[in-house]
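# Topology and contacts: notes
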Amino acid sequence: MTKPALSLAADRDSRERPAIVTVESLRFAVTDRRGRRTDILGGVDLALSDGEFVSIVGPSGCGKSTLLNFISGLLPVQAGRVEVFGKPPGSGRVGFMFQSHGLMPWRTISANVELGLEIAGTPRAERRERAGAMLAEMGLRGFEDHFPGELSGGMRQRAALARTLIADPDIILMDEPFGALDAQTKVFMQELFARYWNNHRKTVLFVTHDLSEAIALSDRVLVMGARPGRIIAEHDVPLARPRDFDRLRSHTLFNDLYERIWADLRREASAGMRGREP
Ligand SMILES: Nc1ncnc2c1ncn2[C@@H]1O[C@H](COP(=O)(O)OP(=O)(O)OP(=O)(O)O)[C@@H](O)[C@H]1O
Ligand SMILES: [Mg+2]
């Protein structure tokens, strides 16, 4: 039974645990063909503890996806420091999920979910078994042999989530994973992922434009400012888990947090309109 969890979390020790993702003074600039330089990231600092769920919100173009690309090792660090488990990124077990499901239309759902294990050389029978278990956890039992085109948008996104989680990543990077879904399906996915997280307590860095989603899912919400991107505010979410998503939105603390984060974003947007530089 789900405990109606609108009390404050008693145990808030996760940040005392050692950081497993560390980003320090991360800067990133691009230079166009005419030699004009644009600063994209202007000194990002953040630390994620083992088992912490952290969201990032911020205006479009502030560099959220770019930051995830640095942590996953897709982009080489120009200036500053990025470490995952004390090493340069790219070596640990990191799962990535995007807004678009990215499933291959010619592979069955199970074959899509198994892909990472297949590349890693996991035997076929074990792959099939693990994919079946993961699809069942995502509520997709019985759809193993269907093709992506035969599933609804929400089901495809659940399959994409299963594909991300099947390799049992230690860190999960999510870039607006539920951003393209309708409101109801979105809440369903949030609850599904919150349940998974409550059971497995992975370290998650979750990018979203949806403040309610950020608060409902996270231990901490980081606000990123635009041009050049950096963390301008941080808000703890001291709500006990598991959380009752239906009741969260009428909770005073939830609404206070929403207003405070929204005020940060609004201040940032008006600073952007006035222009930060002389
Ligand atoms: N390799 C690159 N070359 C040129 N410009 C880049 C590069 N990578 C990112 N940018 C620019 O950096 C800025 C940040 O992009 P990014 O996609 O990280 O923003 P975002 O915060 O994820 O935005 P959104 O919320 O719209 O997804 C954008 O202005 C983008 O055009
Ligand atoms: Mg983005």
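Just so we're clear, the structure is a prediction, and the values are computed from it rather than from any experiment. Within each chain, residue numbers correspond to sequence positions counted from 1 in written order. Lettering of chains starts at A and numbering of ligands starts at 1, both following the order in which they are written. Local features are withheld for residues below a pLDDT of 70 in this predicted model, meaning they are given only at 70 or higher, and side-chain atom pairs are given and counted only at 80 or more; totals for whole chains, interfaces and linings count all residues. Side-chain metrics rest on all non-hydrogen atoms present in the structure, leaving aside hydrogens and water.

### Some thoughts on the overall build of the chain
Basically, it comes down to this: Only DSSP runs of H or I covering at least 4 residues are called helices, and only runs of E covering at least 2 are called strands; the numbering of each starts at the N terminus. Our radius of gyration looks at C-alpha atoms and nothing else; its globule reference is 2.2 Å times the residue count to the power 0.38. Only heavy atoms matter for contacts: two residues are in contact if any of them lie within 4.5 Å across the pair.
The number of helices and strands found in the chain is eight helices and nine strands. In terms of overall dimensions, the chain is globule-like: its C-alpha atoms have a radius of gyration of 19 Å, near the 19 Å expected for 278 residues. Based on the C-alpha atoms only, the size of the chain along its principal axes is roughly 60 × 50 × 35 Å. Looking at the chain alone, contacts between residues at least 24 apart form 71% of all its contacts between residues at least 6 apart.

### Thoughts on the site of ligand 1
Note the following rule: Working definition: residue near molecule or strand if any one of its non-hydrogen atoms lies within 4 Å of it. Two N or O atoms form a polar contact when they lie within 3.5 Å of each other; inside protein one atom must be a possible hydrogen donor and the other a possible acceptor, and for residues adjacent in sequence the pair counts only when both atoms belong to side chains. Working definition of accessibility: Shrake-Rupley area with a 1.4 Å probe, residue cover restricted to the visible protein chains. Gly falls in the polar group here, along with every residue not listed as nonpolar (Ala, Val, Leu, Ile, Met, Phe, Trp, Tyr, Cys, Pro) or charged (Asp, Glu, Lys, Arg).
In the vicinity of ligand 1, 13 residues are found, and the nearest of them are Ser60, Gly61, Lys64, Thr66 and His209. Contact distances for ligand 1 include 2.5 Å between an oxygen atom and a side-chain N or O atom of Ser60. In this structure, Ser65 approaches ligand 1 through a side-chain N or O atom, which is 2.8 Å from an oxygen atom. Protein chains shield 60% of the accessible area of ligand 1, which is 640 Å² for the free molecule. Ranked by the residues each element gives to the shell around ligand 1, the list is headed by helix H1 (residues 64–72), at three residues. Class assignment for the residues of the shell around ligand 1 results in four nonpolar, six polar and three charged.

### Regarding the packing of aromatic side chains
Aromatic ring pairs are defined here through the distance separating the ring centres and the angle between the ring planes. To keep things clear, this is the line we draw: Two rings belonging to Phe, Tyr or Trp (six-membered ring only in the last case) form a pair when the distance between their centres is within 6.5 Å. Interplanar angles under 30 degrees mark stacking, angles over 60 mark edge-to-face geometry, and anything in between is tilted. Remark: exposure states derive from per-residue accessible area (1.4 Å probe, protein chains only) relative to the maximum for the residue type, with buried under 20%, exposed over 50%, and partly exposed in between.
Inspection of the entire model under this criterion finds seven aromatic pairs. Seen from their ring centres, Phe53 and Phe193 are 5.9 Å apart, and the 70° between their planes marks the pair as edge-to-face. Residue Phe53 is located in strand E3 (residues 53–57), and its partner Phe193 is located in helix H5 (residues 183–200); the two are separated by 140 residues in the primary sequence. In this pair, the class of Phe53 matches that of Phe193, namely buried.

### Re the side chain of Thr203
With respect to the secondary-structure elements, Thr203 resides in strand E7 (residues 203–207). Owing to a relative accessible area of 0%, Thr203 belongs among the buried residues under this scheme. At 2.8 Å, the side chain of Thr203 forms a polar contact with the backbone nitrogen of Gly51. With sequence-adjacent residues up to four places away left out, Thr203 is seen in contact with Ile20, Leu48, Ser49, Asp50, Gly51, Glu52, Asp170, Ile171 and Ile172.

### Some words on the pattern of salt bridges
Condition: A pair is scored as a salt bridge if a Lys or Arg side-chain nitrogen falls within 4 Å of a carboxyl oxygen belonging to Asp or Glu.
Under the definition given, this model contains 16 salt bridges. The shortest N-O distance in the salt bridge between Glu118 and Arg107 comes to 2.6 Å. A residue pair is termed long-range when its members are at least 10 positions apart, and Glu118 in helix H2 (residues 109–119) and Arg107 in the loop between strand E5 (94–97) and H2 qualify at 11 residues. Judged by relative accessible area, Glu118 falls into the partly exposed class, the value being 33%. Within the structure, one salt-bridge network assembled from shared partners comprises Glu24, Arg81 and Glu83.

### Section: unusual backbone geometry
Looking along the chain, the bond that leaves Arg227 and enters Pro228 is cis, with omega of -15°. The residue Pro228 is located in the loop between strand E8 (220–225) and strand E9 (230–236) in this model. In the segment running from Arg241 into Pro242, the intervening peptide bond is cis, with an omega of -10°. Relative to the helices and strands, Pro242 is located in the loop between E9 and helix H7 (245–248). Of note, the phi angle at Ser25 is positive, near 45°, even though the residue is not glycine. Looking at the element boundaries, Ser25 is found in strand E1 (residues 19–31).

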